[in-house]
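Below are the chains, spelled out letter by letter.
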Amino acid sequence: MKRLTMSPKILACAISAVAAMPVFAEPSTPDLDFYGYYRTNVGTSNEGGDQMCYKAAGARAKYRLGNECDNYYEAGVKGELFNQNGRTFRVQTMLGGSDTSESGIGLIQAAVMGDNVIDALPGATLWAGKLYYQRHAVAMNDFFYWNASGNAGAGIEKISLGSDAKLAVAWIENNSGAAGDVHNNNIDVRVSNIGIAGGALEVGATYAAPNLTDDQEAMGVADNNGSLISLEYGFAGNTDDAYNKVVLQFGNDGMAGSTGVNDNTMEGSSVRAIAFGLVDIADNLESEYNVLFDKVEDAAGNTTTWTSVGVRPVMHWNDVASTALEIGHDSVTSDTIADNKLTKITLAQQWAAGDGYWARPLVRAYVTHAKGGQIALGNGNTAGTSLGVQAEVWW
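None of the values given here were measured: they were computed from a predicted structure. (Residues numbered from 1 in each chain as written. Predicted model: local features only at pLDDT ≥ 70, side-chain atom pairs only at ≥ 80, totals over all residues. Heavy atoms only, no water.)

## A look at the state of the cysteines
Consideration 1: In this structure the tally under the stated criterion is 1 disulfide.
Consideration 2: Here Cys53 engages in a disulfide with Cys69; their sulfurs sit 2.1 Å apart. Handedness of the Cys53-Cys69 disulfide follows from its S-S torsion of about 115 degrees: it is right-handed. Taken together, the positions of Cys53 in the loop between β1 (31-45) and β2 (72-84) and Cys69 in the loop between β1 and β2 put the pair 16 residues apart, joining distant regions of the chain.
Consideration 3: On the basis of relative accessible area, Cys53 is assigned to the buried category, the value being 19%.
Consideration 4: A residue is classified by how much of its surface remains accessible, and Cys69, at 31% relative accessible area, is partly exposed. (Disulfide = S-S within 2.5 Å. Helix = DSSP H or I, 4+ residues; strand = E, 2+ residues; numbered from the N terminus. Buried < 20%, exposed > 50% of the residue type's maximum accessible area, 1.4 Å probe, protein only.)

## Regarding the nonpolar core
Consideration 1: The biggest cluster of nonpolar side chains holds 19 residues, and the ones touching the most others in it are Val138, Phe143, Tyr145, Ile274, Phe276 and Trp306.
Consideration 2: Counting residues per element, the ones that place at least two in this core are β7 (143-146) and β14 (268-282).
Consideration 3: Element by element, the count of residues in this core is highest for β7, at 3 residues.
Consideration 4: Among the nonpolar cores identified, the runner-up in size contains 9 residues, and Met113, Leu131, Ala168 and Ala170 belong to it. (Core = buried A, V, L, I, M, F, W, Y, C linked by side-chain atoms within 4.5 Å.)

## Quick notes on the packing of aromatic side chains
Consideration 1: Taken as a whole and assessed by the stated rule, the structure comprises 11 aromatic pairs.
Consideration 2: Consider the rings of Tyr37 and Tyr72, whose centres lie 6.3 Å apart with planes at 45 degrees: the pair is tilted. On the criterion of sequence distance, the pair formed by Tyr37 in strand β1 and Tyr72 in strand β2 is long-range, its members being 35 residues apart.
Consideration 3: Ring centres of Tyr37 and Trp394 lie 6.1 Å apart, and the angle between their planes is 25 degrees; this geometry places the pair in the stacked category. On the criterion of sequence distance, the pair formed by Tyr37 in strand β1 and Trp394 in strand β20 (residues 383-394) is long-range, its members being 357 residues apart.
Consideration 4: Judged by relative accessible area, Tyr37 falls into the buried class, the value being 10%.
Consideration 5: Members of the aromatic cluster, connected to one another through ring pairs, are Phe34, Tyr38 and Trp395.
Consideration 6: Across the ring face of Tyr35, the terminal group of Lys78 is positioned such that the distance to the ring centre comes to 4.5 Å. (Phe/Tyr/Trp six-rings, centres within 6.5 Å; stacked < 30°, edge-to-face > 60°. Lys NZ or Arg CZ within 6 Å of the ring centre and 35° of its normal.)

## Here's the deal with the side chain of Thr368
Consideration 1: With respect to the helices, strands and loops of the structure, Thr368 is situated in strand β19 (residues 362-372).
Consideration 2: Residue classification places Thr368 among the buried residues on the basis of a relative accessible area of 0%.
Consideration 3: Only 2.8 Å separates the side chain of Thr368 from the side chain of Thr346, close enough to count as a polar contact.
Consideration 4: Look past the residues within four positions of Thr368 in its chain and what remains in contact with it is Tyr54, Leu65, Gly66, Lys344, Ile345, Thr346, Gly384, Thr385 and Ser386. (Polar contact = N/O pair within 3.5 Å; in protein donor to acceptor, adjacent residues only side chain to side chain. Contact = heavy atoms within 4.5 Å.)

## Quick look at the pattern of salt bridges
Consideration 1: Per the counting criterion, the structure on display carries 16 salt bridges.
Consideration 2: A salt bridge links Arg64 to Glu68, with the nearest nitrogen and oxygen atoms 2.8 Å apart.
Consideration 3: Taking the shortest distance from any N to any O, the salt bridge between Asp115 and Arg90 comes out at 2.7 Å. Residue Asp115 is located in strand β4 (residues 106-115), and its partner Arg90 is located in strand β3 (residues 87-98); the two are separated by 25 residues in the primary sequence.
Consideration 4: With relative accessibility at 23%, the residue Arg90 sits in the partly exposed group.
Consideration 5: Each of the salt bridges in this network shares a partner with another, and the network as a whole consists of Arg39, Arg64, Glu68, Asp70, Asp142, Arg360, Arg364 and Glu392. (Salt bridge = Lys/Arg side-chain N within 4 Å of Asp/Glu carboxyl O.)

Right, dumping it as structure tokens:
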């Protein structure tokens, strides 16, 4: 094989040519973090077989402690890729999935955010991609009551309105229909951090409309649009971790009963009210609480009402050990399905990385008992007991 050689004169010319090239500013060093969450369980039940989980038929959520049967995981990378002259570009990615999901691991976040890149809107953030978009949830039953996240979207956040108030506007798409093939365009507008009486008010309006294909129009596919109005007032408790929130939501047609995405087949209206938070009871005792009312009425006048009440007090014995007791009651009354009530009680002994309510990683051993109508045990029973051990962590 003939070897390629370079004479000293040619090498000197090459070095000189490189040295004469224009010099560009070096990009900023990426500042990325690996982050995520997972939970995994081992359990069994008195009905035989694996651990059972209990949820009232017709309810939109269930109380979580000792009542999560899946192994769920999500992880990704986020952080800065560019930071110069007061302008920042960030990325956020995440893969997630569950052992009970048919789709397995999937891409659930993939977005780019540009901070302070629009000169006319100093301090604002421009974003595009697939994102968990400003989700609001009750932690103890994992109910995301305000969640416009969809397939993908784009928007501008943190637009200053004076004082601390911020405006956010987004266009987010979601799919609906029995085959998941109806495309909906959702326009989401929010104003947050409105200071009132020592707390902060956030108000939002989401309008959504299907965009049918010619074939779907020819087949007479439903194309109901909808709107959702949301108000959330939050105020602090008597410790750093404590907080309280009150929520009111009103849905119409495609957004009736929704949490932020459109259903092209729905006609009707809904109202939802929630009060929840975390309160400090004593030096080593704190508790989550949740009170919820959710009523949906369809075009025929049929109503379905879901009410829910729950508490989860936690007693801390030292800097790692605690005992949690969760009691949750859900009731569903309806003109179209059988009424159903469910009470779930869980006692758990926990060991966590610290004595805070949200300290993680955590290992808990628990026993759960539920009683009510239509418990999904597959044998017609209306009561059941499960026990198990769960690991939970976020970072």
